[in-house]
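Chain and residue survey
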Amino acid sequence: MRHNQRLDRIVLGLLLTLPSVAHADEQVRQPGLVPYLVSGDGIAAPLTTTPGDPQRGQAIVAGRTQGNCLTCHRAPIPNEDFQGQIGPDLRGVGRRLSLARLRLRVVDARRQSPDSVMPPFYRTGDAVQVAPAQAETPLLTAQQVEDVVSYLASLTETSP
Ligand code: HEC
């Protein structure tokens, strides 16, 4: 009897831990977007077959309409005087974070930190803190996400 109870407890314990293990890998499908797999704290596979272009990525990061990253971040982009301090300095981020983590961060920062003030750049289907027009169109296309990720990966120097 005792043994059975202990066994029950072990089985119950296993059942309770299973969902959280399964949660580590999550296939994400959203209307109009390329599906992607979140493994742990990253997205390992590129969203597109065309590799990202770091120069185009830099233009998106510096641009004040789409990425608007410099509202919150500092990056080694000359002639951009108004750079933000809400988020971490992006210099050296290519050394600090893997491609997979950079990709998840740009795609949807809130998957990792639910309270993040950084907007999700590749998400649709909900209107939470996003203007209604953006509920159906992501802020960046899949290719632009890859461009930004390749630019971020190139930021391996912490100065200037
Ligand atoms: C509204 C402010 C805001 C905007 C806009 C924003 N971010 Fe962020 N970002 C943050 C904050 C704050 C963090 C710190 C962690 C957190 O709170 O999510 C962060 C973290 C990051 C990180 C991780 C840095 C590290 O060292 O861990 C990367 C990479 C990043 N942002 C890239 C970008 C890029 C690229 C863009 C534009 C496409 C962007 N962010 C736009 C606020 C912002």
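Residues numbered from 1 in each chain as written. Predicted model: local features only at pLDDT ≥ 70, side-chain atom pairs only at ≥ 80, totals over all residues. Heavy atoms only, no water.

Identification of the chain as Sulfur-oxidizing protein SoxX from Insolitispirillum peregrinum is taken from an unreviewed UniProt entry.

1. So, the overall build of the chain
Broken down by element type, the chain carries 5 helices and 2 strands. Its helices and strands in sequence order give the chain the pattern α-β-β-α-α-α-α, from N to C terminus. For the chain, the residues scored as buried account for 36% of the 160 residues in total. Long-range pairs, those at least 24 residues apart, make up 50% of the contacts in the chain between residues at least 6 apart in sequence. For the chain, the accessible surface area stands at approximately 10100 Å², while carbon and sulfur atoms represent 58% of it. (Helix = DSSP H or I, 4+ residues; strand = E, 2+ residues; numbered from the N terminus. Buried < 20%, exposed > 50% of the residue type's maximum accessible area, 1.4 Å probe, protein only. Contact = heavy atoms within 4.5 Å. Areas by Shrake-Rupley, 256 points an atom, 1.4 Å probe, with all protein chains shown as cover.)

2. With respect to the coordination of the iron atom of the ligand
Taken together, His-73 (NE2) and Met-118 (SD) make up the protein donors of the iron atom of the ligand, found 2.0 to 2.2 Å from the metal. On the basis of relative accessible area, His-73 is assigned to the buried category, the value being 10%. (Donors = N, O, S within 2.8 Å, 3.2 Å for Na, K, Ca; no water.)

3. Remarks on the environment of Ile-60
The topology assignment puts Ile-60 in helix 2 (residues 54-62). In this structure Ile-60 touches Gly-67, Asn-68, Leu-140, Gln-144, Asp-147 and Val-148, once residues within four positions along its chain are discounted.

4. Describing the environment of Pro-51
Assignment of secondary structure puts Pro-51 in the loop between strand 2 (36-39) and helix 2. Overall, the relative accessible area of 65% leaves Pro-51 in the exposed class. For the pair formed by Pro-51 and Glu-146, sequence separation is 95 residues and the distance between their alpha carbons is 6.9 Å.

5. Remarks on the packing of helix 2 against helix 5 (residues 142-154)
In contact at an axis separation of 7 Å, helix 2 and helix 5 are set at 100° when each is read in the N-to-C sense. With respect to each other, helix 2 and helix 5 are oriented roughly perpendicular. Contacts from Pro-54, Arg-56, Gly-57, Gln-58, Ile-60 and Val-61 in helix 2 reach Gln-144, Asp-147, Val-148, Ser-150 and Tyr-151 in helix 5. Looking at the contact of helix 2 with helix 5 residue by residue, the classes come out as 5 nonpolar, 4 polar and 2 charged. (Axes fitted to C-alpha atoms, helices over the stretch in contact; angles between N-to-C directions. Parallel < 35°, antiparallel > 145°, perpendicular 65-115°, else oblique. Nonpolar A, V, L, I, M, F, W, Y, C, P; charged D, E, K, R; others polar.)

6. Description of the site of the ligand
As a matter of local geometry, the ligand sits amid 21 residues, with Cys-69, Cys-72, His-73, Ser-116 and Met-118 nearest to it. Note that an oxygen atom of the ligand is positioned 3.0 Å from one of the side-chain N or O atoms of Arg-96. Between the ligand and Arg-105 there is a distance of 2.8 Å, counted from an oxygen atom to a side-chain nitrogen or oxygen. One can see that the ligand is located within the largest pocket. Elements with a minimum of two residues in the shell around the ligand: helix 3 (93-96), helix 4 (99-108) and helix 5. The residue makeup of the shell around the ligand, split by class, is 14 nonpolar, 5 polar and 2 charged. (Near = heavy atom within 4 Å. Polar contact = N/O pair within 3.5 Å; in protein donor to acceptor, adjacent residues only side chain to side chain. 1 Å grid on protein atoms, 1.4 Å probe; cavity = no way out; pocket = protein on both sides within 12 Å on 5 of 7 lines; lining within 4 Å. Sits in = over half its atoms within 2 Å of the grid points.)

7. Observations regarding helix 2
Among the residues making up helix 2, those that are buried are Gly-57, Ile-60, Val-61 and Ala-62. Among the residues of helix 2, the N-terminal cap falls to Asp-53, whose side-chain oxygen and the backbone nitrogen of Gln-55 are separated by 2.8 Å.

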